[in-house]
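Tertiary structure, described
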Amino acid sequence: MNDKQRVAEHAVQHVKPGMIVGLGTGSTANFFIEALARRQNEEDLKFKVVSSSVVSANKAKQLGLPLLGMEHIDGLDLYVDGADEVTPDLTLLKGRGYDLVREKLLAKAADSFLVLIDASKKVKRIGENFPIPIEVSPFAWRLVQHSLAAIGGHGSLRQTANQDGLVVTSHGSLVLDVAFESTLDGKTLNDQLNAIPGIVEHGIFSGLTRAVFCGHDGQVEEQWA
């Protein structure tokens, strides 16, 4: 069992009967979904799930998990997902998979948001290893890019893996990948981005995390907010 599997198995023990559970997206989230399916089959555990993406929804369906549409819920008990970066104060960077709107909706709506990582995701500041993904309205991206430059941000529209077009999110947005000065902390940057018109959503998750579970050398370390 690798560290991603181990931390997923640890997190699935926090699922209780009758819960509505939000499913994240990515390799670690996939291990969590698989662990959740095993608990359903082996323990006859009753719960419902809601997905942050088409990818995780399809995986949930394949494994026979009872899936709710996001439009049918007004809250959830637990949301479990990974992160690209985590600072000591539990500010996150997410969105390399660019499903930011759904992910942040679930993180905000959940009574408890658990984040699953390995040690490589720990950083001193947001943006240390990756640019900040910023979803923008297609007609507004140049205006947003100009506003971002005014606060020290420099970046460009994300292209597809084949470099033959622009990435379009499930929400219909374009994505600007933007680097900022190292002097800007995540919480300040979060507030500044929230104030810029034309930004649909961005990858900084500030003040939303209940706990981070980190798999490292065969152990799981917990850090609670």
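Remember, it's a predicted structure, so these values are computed and weren't measured experimentally.

Thresholds applied
Residues numbered from 1 in each chain as written. Predicted model: local features only at pLDDT ≥ 70, side-chain atom pairs only at ≥ 80, totals over all residues. Heavy atoms only, no water. Core = buried A, V, L, I, M, F, W, Y, C linked by side-chain atoms within 4.5 Å. Buried < 20%, exposed > 50% of the residue type's maximum accessible area, 1.4 Å probe, protein only. Helix = DSSP H or I, 4+ residues; strand = E, 2+ residues; numbered from the N terminus. Contact = heavy atoms within 4.5 Å. UniProt positions renumbered as here; feature names shortened; annotations may be inferred. Salt bridge = Lys/Arg side-chain N within 4 Å of Asp/Glu carboxyl O.

Quick look at the nonpolar core now. In this structure, Val-21, Phe-32 and Leu-36 are the most contacted members of the largest nonpolar core, which totals 24 residues. Those elements that place two or more of their residues in this core are helix H1 (3-12), strand S1 (20-23), helix H2 (27-43), strand S4 (76-82), strand S7 (110-118) and strand S13 (211-216). Ignoring any residue separated from it by four or fewer positions in sequence, one finds Val-21 in contact with Val-15, Phe-32, Leu-36, Lys-48, Val-49, Val-50, Leu-76 and Leu-78.

UniProt's feature table lists "active site" (unreviewed entry) at Glu-103, given in the numbering used throughout. By the secondary structure assignment, Glu-103 is in helix H4 (residues 100-109). Using a relative accessible area of 5% as the deciding quantity, one classes Glu-103 as buried. Residues contacting Glu-103, with those up to four places away along its chain left out, are Thr-25, Ser-52, Tyr-79, Asp-81, Lys-94, Gly-95 and Phe-205.

Quick look at the pattern of salt bridges now. Applying the stated criterion across every chain yields a total of 11 salt bridges. A salt bridge links Lys-104 to Glu-201; the shortest N-O distance between them is 3.0 Å. One end of the pair, Lys-104, is in helix H4; the other, Glu-201, is in strand S11 (residues 199-202), and 97 residues separate them in sequence. Grouping residues by exposure puts Lys-104 and Glu-201 together as buried. For the salt bridge of Asp-177 with Arg-158, the shortest nitrogen-to-oxygen distance reads 2.8 Å. One end of the pair, Asp-177, is in strand S10 (residues 174-179); the other, Arg-158, is in the loop between strand S9 (154-157) and S10, and 19 residues separate them in sequence. Its relative accessible area of 14% is what places Asp-177 among the buried residues.

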